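# Breakdown of the fold
Residue-level listing of the chains:
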Amino acid sequence: MSAGTTTIHSDTGYNFAYLDEQTKRMIRRSLLKALSIPGYQVPFGGREMPLAYGWGTGGIQVTASVIGPDDRLKVIDQGADDTTNAVSIRRFFQTVTDVTVTESTEDATIIQTRHRIPEIPLKEGQVLVYQVPQPEPLQKIEPRETETRKMHAYAEYGAMRVTLYEDVAHFGRIAKTYDYPAVINGRHLMSPSPIPKFDNPKMEMNPAIQLFGAGREKRIYAVPPYTSVRSLDFDDHPFEVQTWKGCCALCGSTVSYLDEVITDDKGSRMFVCSDTDFCNTRQAKAAAQPKTAGEQS
Amino acid sequence: MTTNAIRKLTPKPPLLEVSGLCKSYGGQIGCRDVSFAIRPGEVLGIVGESGSGKSTLLACLSGRLAPDAGTISYDMKDRGPVDILTLSEPERRRLARTDWGIVHQNPRDGLRLDVSAGGNIGERPMAIGARHYGNIRAEAQDWLQKVEIDLARTDHRPRTFSGGMQQRLQIARNLVTRPRLVFMDEPTGGLDVSVQARLLDLLRGLVRELGIAVIIVTHDLAVVRLLADRLMVMQRGRVIEQGLTDQVLDDPHHPYTQLLVSSVLQV
Ligand SMILES: Nc1ncnc2c1ncn2[C@@H]1O[C@H](COP(=O)(O)OP(=O)(O)OP(=O)(O)O)[C@@H](O)[C@H]1O
Ligand SMILES: [Mg+2]
């Protein structure tokens, strides 16, 4: 991450990273405010982007505001680098910045994501940018924005627990599996975007900077490095992450988030890592190692 | 004399003391120069014709509407008497959520219609820190029983309840945190007579048992006769008569009150 340069990108005629410097500065000011009040939604003057809302315009504006020529960018969607959304966002930044792109979580300095946090633990200096479709965790329980603002201001989060209560009453457990609300730094209730609850614990005390951008709603929020992230729960129904019986059919991992994929038209199915970089890296390592009898992964 | 009667005679400091309260809407008078006090455990009825300012007064008292003038002093549990108009908004909201209750005429305003009955009752305990699902549910069911709602309905949404059940659920949802003061605006309005009677019976029992102070607004003199210890009569925004309920109803002084009482008795 470095301050944007005022150079006009030679091939396209766009400013570096598409947004003009004024806009980037404005967004960076919002980001700084967001970082200083962890979990608080900062309104920002979002710009029209050459992509439709719902395609990550909030995340793109955040990335565009923090990216510099020396950055290495990774873009994932559902954990994969090769889905349409990820590919088009990566292309967009290649076109307007010429930065190096990578699929490697370890090599990336900025990772823009939709739906997942990479399995490989992030490090200090890395920035994780989330695309957020709906930033307001209280929206389902309170549609009036004037009221949700007060609820955040006065930390009135009792009504949010009603949604958890309803889950346990109807399903015997907290049924929410993604976009699972969490209290940040012991204060603000935050929607972590539609990541699986499996990823919530990764947000906690993470050494990386986590930035969230909602394009349609024009909100930015953040979790600074090493910040507490407490998923809402009950004492007698504690927060739990998803688990799987088997392991990844491709790399044998038992610690990663698995997607179920259908492998033929007879309905055969298998479970594989949703994080493709994690899975590919493990498969490559396993292939490079001489096979030893009895070795598992 | 019973201990209860002695207790009633011993003056307690007021729980709520209102003086000089005014509220108008542009040129339209809402309520005007209203002063009164209510003691812990006391039930105060407010009657008056449509448009006399009853709902306006109640909304000002319960912090939902800012009066133009006057003071509202409330004896807070930990701080003693405080003019609630000087409280910060979060303090006032907290007070309203914990030490007060509001039962609305329209259950839509007082319930979450898409949340189960149990969840409706559990909201206040959760708002003040309850974190144990089993306890929250047990308490909710305890209250469902108190308001005579079948426990089989615990997980049903109030949208599927009758009007009387919805009002009883509103009452449970409010009383679960043991408020010391409850505001009710026409809690029996829109219910048919037999349902009204049952609701009133229930209310009377709970109020006596828990020693809650209630300010109840109604058109219906039968309601105040049954519930209210004291009565305030309003006309065109002003309080024109107040006193012990039986005294006011049996020996009304103001011509308007006389009219009100006689028109009822004629029925
Ligand atoms: N939001 C408002 N804007 C303008 N005038 C209002 C408003 N609310 C109430 N009023 C006026 O204030 C006066 C008192 O109204 P209020 O609703 O307090 O009467 P009420 O005694 O509760 O009547 P009802 O028995 O019909 O409920 C009426 O003249 C009414 O028209
Ligand atoms: Mg009214």
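Counting of residues starts from 1 at the beginning of each chain's written sequence and follows it residue by residue. Chains and ligands are labelled by the order in which they are written, letters from A for the one and numbers from 1 for the other. With the structure being a predicted model, the display of local features is reserved for residues of pLDDT at least 70 and the display and counting of side-chain atom pairs for 80 or more, all residues being used for whole-chain, interface and lining totals. As a rule here, side-chain values cover all heavy atoms of the structure and leave hydrogens and water aside.

Now for unusual backbone geometry. Phi is positive for Ser193 of chain A, close to 75°, though the residue is something other than glycine. Within the fold, Ser193 of chain A resides in the loop between strand S7 (188–190) and helix H6 (200–203). In this structure, Glu186 of chain B takes a positive phi of about 50° despite not being glycine. Going along the chain from the N terminus, every DSSP run of H or I of four or more residues is numbered as a helix, and every run of E of two or more is numbered as a strand. Along the chain, Glu186 of chain B falls in the loop between strand S7 (181–185) and helix H8 (193–210).

Residues and elements named next belong to chain A. When DSSP finds two or more bridges between a pair of strands, those strands are recorded as paired. Read from one edge of the open sheet, three strands run S7-S6-S10, paired in antiparallel fashion. The open sheet has two edge strands, S7 and strand S10 (229–231), and neither has a second partner. Each strand of the sheet is rotated relative to its neighbour by a mean of 35°, with strand direction disregarded. Angular values range over 0 to 180 degrees, each being the angle between N-to-C directions of two axes fitted as lines to C-alpha atoms, with helices fitted over their stretch in contact.

Before going further, it helps to examine the site of ligand 1. Residues and elements named next belong to chain B. Near ligand 1 you find 13 residues, and of these Ser50, Gly51, Lys54, Ser55 and Thr56 are the closest. Throughout this description, a polar contact denotes any pair of N or O atoms lying within 3.5 Å of each other; where both atoms belong to protein, one of them has to be capable of donating a hydrogen while the other can accept it, and for residues adjacent in sequence the pair is counted only when both atoms sit in side chains. Measuring from an oxygen atom of ligand 1, one finds a backbone N or O atom of Gly51 at 2.8 Å. With respect to ligand 1, the backbone of Ser52 contributes an N or O atom lying 3.2 Å from an oxygen atom. Here, Shrake-Rupley sampling with a 1.4 Å probe gives the accessible areas, and only protein chains in the shown set may cover a residue. Within the complex, 61% of the 630 Å² of free accessible area of ligand 1 lies under protein. Elements with a contribution of two residues or more to the shell around ligand 1: strand S2 (28–38) and helix H2 (54–61). Gly is placed with the polar residues, together with every amino acid not listed as nonpolar (Ala, Val, Leu, Ile, Met, Phe, Trp, Tyr, Cys and Pro) or charged (Asp, Glu, Lys and Arg). Residues that form the shell around ligand 1 fall into these classes: two nonpolar, nine polar and two charged. Near is defined per residue: the residue qualifies when any heavy atom it owns lies within 4 Å of the molecule or strand.

Given two aromatic rings, their pairing is described by the distance between the two centres and the angle made by the two planes. Stacked, tilted and edge-to-face are the three classes applied to pairs of Phe, Tyr and Trp rings, where Trp contributes its six-membered ring and a pair requires centres within 6.5 Å; stacked means planes under 30 degrees apart, edge-to-face means over 60, and tilted covers the rest. A full pass over the atoms with the stated rule returns 13 aromatic pairs over all chains. Taking the centre distance of 5.1 Å and the plane angle of 40° together, the rings of Tyr165 of chain A and Tyr133 of chain B count as tilted. Here Tyr165 of chain A, found in helix H5 (residues 158–171), pairs with Tyr133 of chain B, found in helix H6 (residues 133–146), and the two come from separate chains. Both residues of the pair, Tyr165 of chain A and Tyr133 of chain B, belong to the buried class. Note on Phe212 of chain A and Tyr221 of chain A: the rings are 4.8 Å apart at their centroids and 10° apart in plane angle, and the pair reads as stacked. Relative accessibility under 20% of the residue-type maximum defines a buried residue, over 50% an exposed one, and the middle range a partly exposed one, all with a 1.4 Å probe and only protein chains included. By relative accessible area, which is 0% here, Phe212 of chain A ends up buried. Following the ring pairs from residue to residue traces out a cluster consisting of Tyr14, Tyr18, Phe92 and Phe93 of chain A. Placement of a positive charge over a ring is assigned whenever Lys NZ or Arg CZ falls within 6 Å of the ring centre and within 35 degrees of the normal to the ring plane. Sitting above the plane of the Tyr178 of chain A ring, Lys176 of chain A keeps its charged end 5.6 Å from the centroid. The ring centre of Tyr25 of chain B lies 5.8 Å from the NZ or CZ of Lys23 of chain B, which sits over that ring.

With that settled, the discussion passes to the packing of helix H5 (residues 117–127) of chain B against H6 of chain B. All names here are of chain B. One way to put it is that H5 packs onto H6 with a least axis distance of 9 Å and a crossing angle of 115°. The chirality of how H5 crosses H6 is right-handed. Counting all contacts with H5, which are made through Ala117, Gly118, Ile121, Gly122, Pro125 and Met126, the residues of H6 involved are Ile136, Glu139, Ala140, Trp143 and Leu144. Counted by class, the contact of H5 with H6 contains eight nonpolar, two polar and one charged residues. Here a crossing is called left-handed whenever its near helix is offset anticlockwise from the far helix by less than a right angle, and right-handed whenever the offset is clockwise. The contact criterion used is simple: two residues touch if any of their non-hydrogen atoms lie within 4.5 Å.

For the rest of this paragraph, the subject is the pairing of strand S4 (residues 110–114) of chain A. Residue and element names in this part refer to chain A. Of all the five residues making up S4, four are buried; the element is thus mostly covered by neighbouring parts of the structure. Pairing of strand S2 (residues 72–77) with S4 involves five bridges; the strand directions are parallel. Looking at S4, one finds that Val75 is bridged to Gln112. For S4 and strand S5 (residues 127–131), the ladder comprises four bridges, and the chain directions are parallel. From the neighbouring strand, Gln112 faces S5, where its bridge partner is Val129.

Moving on, we get to the domain arrangement of chain A. All names here are of chain A. Partitioning chain A into domains gives domain 1 (21–135 + 188–227) and domain 2 (243–288). The split of the chain into domains comes from an automatic or database domain assignment. On a C-alpha basis, the centres of domain 1 and domain 2 stand 26 Å from each other. Listed as interface residues are 14 residues of domain 1 and, on the opposing side, 10 residues of domain 2. We count a salt bridge whenever a side-chain nitrogen from Lys or Arg sits within 4 Å of a carboxyl oxygen from Asp or Glu. Here domain 1 and domain 2 share zero salt bridges between them. The tally of links between domain 1 and domain 2 comes to six residue pairs in polar contact (both at pLDDT 80 or more).

With respect to the element layout, Thr56 of chain B can be found in helix H2. Beyond its immediate sequence surroundings of up to four residues, Thr56 of chain B is in contact with Lys23, Tyr25, Gly30, Cys31 and Leu65 of chain B.

So, about the side chain of Glu123 of chain B. Structurally, Glu123 of chain B can be placed in helix H5. Classification of Glu123 of chain B by relative accessible area gives buried; the value is 11%. Contact partners of Glu123 of chain B, with chain neighbours within four places excluded, come to Ala159 and Val162 of chain A together with Arg112 and Arg173 of chain B.

Another aspect to go through is the nonpolar core. All names here are of chain B. The criterion is simple. A nonpolar core is a set of buried Ala, Val, Leu, Ile, Met, Phe, Trp, Tyr and Cys residues joined through side-chain atoms within 4.5 Å. Grouped together as the largest cluster of nonpolar side chains are 43 residues, with contacts concentrated most on Ile121, Leu169 and Ile171. Top contributing element to this core by residue count: H8, with six residues. Setting aside its immediate chain neighbours within four residues, Leu169 contacts Leu111, Ala117, Asn120, Ile121, Leu144, Ile149, Pro158 and Phe161. Grouped together as the second largest cluster of nonpolar side chains are 30 residues, Phe36, Leu44, Met76 and Ile215 included.

All names here are of chain A. As for its position among the elements, His152 is in helix H4 (residues 145–153). Here the alpha-carbon distance between His152 and Gly56, two residues 96 residues apart in the chain, equals 25 Å. Beyond its immediate chain neighbours, meaning those up to four positions away, His152 contacts Gln41, Glu136, Pro137, Leu138, Tyr157, Arg187, His188 and Leu189. Only 2.9 Å separates the side chain of His152 from the side chain of Tyr157, close enough to count as a polar contact.

Moving on, we get to the pairing of strand S11 (residues 258–262) of chain A. Residues and elements named next belong to chain A. Across five bridges, S11 lies against strand S12 (residues 269–273) in antiparallel orientation. When the sheet's bridge partners are listed, Ile262 is paired in S12 with Arg269. Counting the residues in the hairpin turn of S11 and S12 gives six residues, including Gly267, whose phi is positive at 85°.

Applying the stated rule across the entire model yields 30 salt bridges over all chains. Measuring nitrogen to oxygen at the nearest pair gives 2.7 Å for the salt bridge that ties Glu145 of chain A to Arg219 of chain A. Remark: Arg219 of chain A occurs in strand S9 (residues 219–223) and Glu145 of chain A occurs in helix H4; sequence separation between them is 74 residues. For Glu145 of chain A, a relative accessible area of 40% puts it in the partly exposed group. A salt bridge links Arg225 of chain B to Asp250 of chain B, with the shortest nitrogen-to-oxygen separation between them at 3.1 Å.

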